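These are the residues of each chain, in order.
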Amino acid sequence: MTTGLLGIFVTYGLTLLLALPLGRFLANVFQGHQNALDFLAPLERGLFRLAGLDEKREMTWQQHLLALLTINLVWFVFAMVVLCTQGSLPLNPDGNPSMSPDLAFNTNISFLVNCNLQHYSGESGLSYLSQIVVITFLQFVTAATGIAAAVVVLNALQTRTTDKLGNFYNYFVKSLTRLLLPLSLVIALILAFNGAPMTLHGKQQLVTVQGDSVAVARGPVAAMVAIKELGTNGGGFFGANSAHPLENPNFATNVTENVALALIPLALVFALGFYLKRQKLAYMIFGVMTVGFLALLAPTVYYEMHGNPAISQMGVNQALGALEGKEIRFGAAASAYWSITNTVISCGSINSMHDSFMPLSGLCQLLGMMTNAFYGGCGVGLLNFFAYLIIAVFIAGLMVGRTPEFLGKKIEAREMKIAVIVTLLHPLLILAGTALTAHLFAGSPTEYAGWLANPGYHGFSEMLYEFTSASANNGSGFEGLGDNTPWWNISTGVVMLLSRFLPIIGPVAIAGLLARKKVVPEGAGTLPADTATFGVMVLAVIVIIAALAFFPALALGPLAEHFSLY
Amino acid sequence: MAEATKQAFVKLDPRVMFRNPVMFTVELGTVVMLFVTVGLLLKPDAAQGSFGYNLTVFIVLFLTLLFANFAEAIAEARGKAQADSLRKTRQDTPAKVRLANGQFEYVSSAQLQKGQVFVVEAGEIIPTDGEIMEGLATIDESAITGESAPVIREAGGDKSSVTGGTKILSDRIVVLVTTAPGESFLDKMIALVEGASRQKTPNEIALTILLAGFTLVFVIVCVTLQPFAAYSKTPIAISAFIALFVCLIPTTIGGLLSAIGIAGMDRALRANVITKSGKAVETAGDIDVLLLDKTGTITIGNRRATHFWPAPGVSERELVEAATLSSLHDETPEGKSIVELAQQVRRTDAADLQRRAQGSEAIKFTAETRSSGVTLASGLRIRKGASDAIRNLANAASQPFPNETTQQVAAVASNGGTPLVVSENDRILGVVELQDIIKPGIQERFERLRKMGIKTVMVTGDNPLTAKFIAEKAGVDDFIAEAKPEDKMQYIRTEQQAGKLVAMMGDGTNDAPALAQADVGVAMNSGTQAAKEAGNMVDLDNDPTKLIEVVEIGKQLLMTRGTLTTFSIANDVAKYFAIVPALFMVAIPALGALNIMGLKSPQSAILSAVIFNALIIPALVPLALKGVAYTPIGASALLRRNLLIYGLGGVIVPFIGIKAIDLVVGLFL
């Protein structure tokens with residue numbers, strides 16, 4: 001039992017230890033200051049010349065968003081073509097067929113928006129070419145998109161009046177060359193040395209101990225898994241994701257992957273402090289996020305390590321915790337930690353079946369995605385937090401008798417409007433999606449019986465989880481859903497699209513609007529944003545907006561299940 | 001009170017309600033409940049609960065609406081009472097208008113047009129706002145300021161403005177009408193407090209957006225709950241949906257929002273400050289820099305004599321008597337203060353001095369001689385004036401100017417004082433020290449402003465040395481010495497370019513550009529029409545320290561909104577724990593575990609929650625009207641305090657309140 005907890009401490013400690021220097025490094029990279037990877041500059045210049053881009057051209061916030069949306073559209077078209085024709089393209093040793101347009105659409109959107117909800121299994125659904133040039137490629141660029149958008153916001157929050165916020169392509173390319181590619185290389189090597197395959201050969205035929213003949217799927221796994229975690233993408237090479245022994249062979253790779261997925265979200269928080277020269281502010285944000293994270297982690301670890309009372313009643317020893325749906329090589333504690341890091345951070349990879357977790361653990365996983373700002377995804381976590389921050393600044397500003405201001409800029413009606421829309425969107429998408437599904441299901445339970453493996457409270461949690469995961473761009477599945485049907489494909493596809501781009505556009509727009517405003521010098525009457533008091537305020541806003549809106553839904557799902565079980 | 005009650009019903013008009021999205025949705029819910037209740041009367045439906053229960057929910061919702069309207073109405077009524085007393089001064093008075101041909105004609109004051117000229121004499125009421133063109137008069141302004149001491153107004157200069165409704169006590173003046181009928185300051189103020197022309201302020205708009213956002217979230221929560229419940233096979237009555245919705249949306253702040261805004265302007269009015277818009281009051285709370293005139297604000301009126309310093313070989317008595325004699329005919333405040341000081345220090349025999357001064361010739365101060373004094377009947381020449389002026393006199397008469405006196409002059413000047421040298425037949429008698437007297441208690445006020453984060457700047461015509469001394473003594477942060485109107489303007493511009501908000505007070509026509517440039521410009525009511533037009537507030541008391549109060553009123557206004565918003569939203573936690581178990585407990589008994597308050601039954605839980613939700617509005621009306629107290633303890637400490645009281649309090653209070661109401665409601669169910 002203590003070993004399990006020790007594993008959690010080591011994993012978190014290691015993440016923190018790496019995130020701090022990485023944050024400083026990132027601030028240097030994006031401010032154009034001297035850094036260890038400056039030798040890559042000629043390569044980057046070559047790329048810009050090749051693309052005919054001037055990386056020194058300063059952009060307004062609208063131009064940034066235009067650039068961001070344009071390149072995303074280009075990738076979408078490219079990926080669509082490859083997925084729909086992969087059957088007749090090279091690098092397809094297992095002879096997997098081309099995707100149907102609707103499944104291709106869903107898969108494409110899912111990876112483009114960093115969600116990685118998968119309605120296919122990698123073993124049979126994708127060729128190696130698609131795994132490399134669509135899946136792995138998108139996993140790199142979508143993370144870089146989020147990071148670049150976050151850097152635009154950081155640039156805009158500096159204390160000065162301007163509408164020139166740096167060059168989007170510069171931020172985007174440097175996210176790749178200075179951060180994602182080098183780190184992926186390191187992690188892929190660690191995985192490969194621990195047994196994750198890295199090959200272009202097709203399935204391997206094996207005869208097992210029992211004498212059965214099986215075909216074991218493999219492929220360029222190590223490289224893909226590295227960016228899957230690092231870029232908070234979460235979509236697995238295989239259907240079983242990081243529970244699969246070839247994606248996550250042992251406890252050491254489990255720690256490596258778990259550190260990798262939390263590294264950049266944490267580092268970006270510290271980067272904010274170094275970039276804006278407001279380290280205290282970064283620590284406040286980190287503190288709020290960590291308190292939220294721990295509040296979700298603690299009950300999950302507790303309930304998973306104590307097992308299921310229904311199984312205990314059957315006289316089964318549960319000294320190792322609730323192991324149903326978990327891999328014995330990781331254990332209950334590490335699986336619980338993994339599931340919470342992967343839901344508060346919009347990575348969404350899994351190393352155990354969330355469907356089998358205790359009801360309150362499921363509740364914590366859901367809340368992690370509903371708040372979606374305790375660390376959060378690559379770049380976008382910070383953007384989500386920023387929207388909450390604006391609302392907290394506004395209420396707190398009024399409470400101290402001053403027109404609210406954040407980092408020397410006044411928060412007015414326009415910024416409030418955007419922040420409110422962004423924060424409203426998430427509950428709207430989750431609740432409306434779940435409500436429509438519940439409505440259809442309640443209308444004709446027999447027709448849609450295939451949708452839910454478990455009716456009742458648990459079935460409700462499954463539906464709620466699917467839409468929450470889609471809206472949080474998380475991509476993990478509670479599973480237990482028959483989700484490869486037109487309804488799930490279309491509804492979650494729409495939710496994923498809306499919930500990716502609006503929450504990027506909103507905060508970038510707010511930051512852009514703020515950057516144009518006159519700087520209000522800080523005085524004794526100014527509310528400092530970097531204090532513990534203000535941190536409490538932000539936390540309260542997140543809890544009230546995110547948690548309260550979902551209270552009735554959570555009562556009907558996990559809470560009803562919990563109180564029925566205990 | 002009766003009027004407010006009536007208004008509470010009048011305001012139920014959906015067209016009025018629509019301006020407040022939170023309360024408008026409550027009104028919609030109430031209408032739905034009305035239909036449900038009536039429907040039940042016609043055709044009972046067990047799923048919707050009894051008729052009596054539904055009727056009760058309807059009544060409580062209706063009361064919620066009335067309470068919210070009542071809060072607004074009572075705030076308006078208070079403003080109106082104030083406005084009415086002002087309006088009394090607007091009674092129709094005949095005006096004696098001077099026609100182009102020089103003839104006079106009586107015209108009703110309501111028909112006076114801008115640009116017309118009228119005459120008023122002692123004992124008459126001034127018919128409308130205007131500017132004196134000819135003459136001087138003492139005027140009783142108690143009708144608008146409450147201050148009984150009469151004031152003097154005269155043509156030209158900075159005290160040329162008269163207000164309609166005030167009474168002339170002496171003399172006769174010719175006045176130019178400066179405002180069109182119905183557009184005077186009082187008319188504007190009356191319209192403002194009566195709500196007719198009240199526009200939402202920028203912060204109010206932003207807050208309304210936030211509240212509308214919260215309302216929308218809970219629309220989504222309640223609408224989606226229906227299919228959720230259908231899936232879970234837990235039928236929910238319409239009354240429960242509406243109760244949940246009304247309890248969750250921020251009705252407390254939604255109901256009190258406009259009352260808070262009106263009360264803010266009302267508080268300004270109570271402080272005898274007329275604001276041209278609610279925005280000005282709000283801006284006042286954000287002020288970073290405060291420009292204050294030295295005279296009258298920081299120091300009491302003019303300089304006063306504080307000390308006699310005799311020259312060597314001259315007795316103090318000699319100096320005091322000479323100084324007194326030279327000042328007997330001196331009508332300046334400085335001169336009078338010398339006579340007063342002389343009586344205090346030497347107990348000079350006034351009657352004896354008067355006798356000696358008989359038949360004397362007063363020598364007036366001129367810019368050329370820079371001295372004044374008296375030549376007695378005996379031929380004795382007594383002069384007092386600037387040290388170099390008197391030194392010239394002494395030199396011309398070959399009289400010595402003692403070193404000690406030179407030193408004394410320097411000492412007084414370096415102390416922030418003004419030295420006057422006195423001579424008798426060109427012999428130097430000594431120095432009279434004049435000092436600015438800093439108002440008692442002003443240091444504390446500046447200290448308070450500093451804690452609020454506001455920089456104070458003293459504006460004075462004094463030389464930089466004197467200005468610096470007084471600035472330090474009074475505790476202001478900065479000063480503008482030898483100030484010309486352009487200097488003020490320049491100072492304001494510089495501060496504004498640095499992103500600061502500047503407030504100033506002024507009265508003269510040459511203050512008008514600066515008043516217009518400042519973010520908050522307070523014109524004194526006694527000031528010129530130009531100044532009053534340029535500023536965005538008018539202080540009826542002509543009290544320069546009023547700005548400090550205005551700043552606090554602005555801060556209170558924002559704080560009251562912020563704290564009540566926090567309170568309102570924090571209340572949701574308890575309401576959830578009351579209503580959510582009530583919704584599901586029957587179908588899913590396990591969820592009874594969420595009923596942590598132990599409420600008696602689902603129906604009593606829902607009723608208790610809506611009753612609490614309704615009652616909290618009138619309970620908070622006094623706070624909304626009075627405003628949350630502002631204490632300058634620093635922004636973080638203030639946030640901590642308000643978060644504890646209104647945030648944590650907002651979580652805890654409804655738990656207690658709902659439980660208590662449930663105990664009572666439970667008796668009847």
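Please read these numbers as outputs of a predicted model, since none were measured by experiment.

Asks: Which residues make up the interface of chain B and chain A, and what are the values?
Replies: With 61 residues of chain B at the contact, the number on the chain A side is 63 residues. When chain B packs against chain A, the two sides together hide about 4,900 Å² of surface, and 78% of this comes from carbon and sulfur. Of all residues in chain B, the largest losses of buried area upon contact with chain A belong to Phe228, Tyr231 and Leu639 of chain B, amounting jointly to 16% of the total for that side. For the pair chain B and chain A, the number of links is one salt bridge. A salt bridge links aspartate 288 of chain B to arginine 402 of chain A; the nearest nitrogen and oxygen atoms lie 3.1 Å apart. The tally of links from chain B across to chain A stands at 10 residue pairs in polar contact (both at pLDDT 80 or more). A total of 19 residues in the side of chain B that touches chain A trace back to one element, the largest contributor, which is helix H7 (residues 202-231) of chain B. Here the residues of the side of chain B that touches chain A are counted per class, giving 39 nonpolar, 13 polar and nine charged.

Asks: Explain the side chain of glutamate 229 of chain A to me, and be specific about the residues and the numbers.
Replies: Residue and element names in this part refer to chain A. With respect to the helices and strands, glutamate 229 occurs in helix H8 (residues 221-230). Given the relative accessible area of 1%, glutamate 229 is considered buried. One polar contact links glutamate 229 to serine 242, side chain to side chain, over a distance of 3.3 Å. Once you skip the residues sitting within four places of it in the chain, glutamate 229 turns out to touch Ser242, Glu257, Ala260, Leu261, Trp338, Asn342, Cys347 and Ser349.

Asks: Provide a residue-level description of a nonpolar patch on the surface, including the pertinent values.
Replies: Residue and element names in this part refer to chain B. Together, Leu34, Val38, Leu41, Leu42, Phe51, Leu55, Ile59 and Leu63 make up a nonpolar patch on the protein surface, roughly 690 Å² of accessible area in all. Every element with two or more residues in the nonpolar patch is listed here: helix H3 (21-42) and helix H4 (51-88). We classify leucine 41 as exposed; its relative accessible area is 57%.

Asks: Now, about the sheet that holds strand E4 (residues 130-134) of chain B: what can you tell me, with residues and values included?
Replies: Residues and elements named next belong to chain B. In space, the six strands of this open sheet follow the order E2-E1-E3-E9-E4-E7, with antiparallel pairing throughout. Since the sheet does not close on itself, it has two edges, and those belong to strand E2 (104-108) and strand E7 (161-162), each with one partner. Relative to E7, E4 runs antiparallel, the two being bridged by two bridges. Paired with glycine 130 across the two strands is valine 162, which belongs to E7.

What counts, and where the lines are drawn
Residues numbered from 1 in each chain as written. Chains lettered and ligands numbered in written order. Predicted model: local features only at pLDDT ≥ 70, side-chain atom pairs only at ≥ 80, totals over all residues. Heavy atoms only, no water. Contact = heavy atoms within 4.5 Å. Buried area = accessible area lost by both parts, 1.4 Å probe. Salt bridge = Lys/Arg side-chain N within 4 Å of Asp/Glu carboxyl O. Polar contact = N/O pair within 3.5 Å; in protein donor to acceptor, adjacent residues only side chain to side chain. Helix = DSSP H or I, 4+ residues; strand = E, 2+ residues; numbered from the N terminus. Nonpolar A, V, L, I, M, F, W, Y, C, P; charged D, E, K, R; others polar. Buried < 20%, exposed > 50% of the residue type's maximum accessible area, 1.4 Å probe, protein only. Patch = residues over 30% accessible without salt bridge, like charges linked within 9 Å, V, L, I, M, F, W, Y side chains within 5 Å. Areas by Shrake-Rupley, 256 points an atom, 1.4 Å probe, with all protein chains shown as cover. Pairing = 2+ DSSP bridges.

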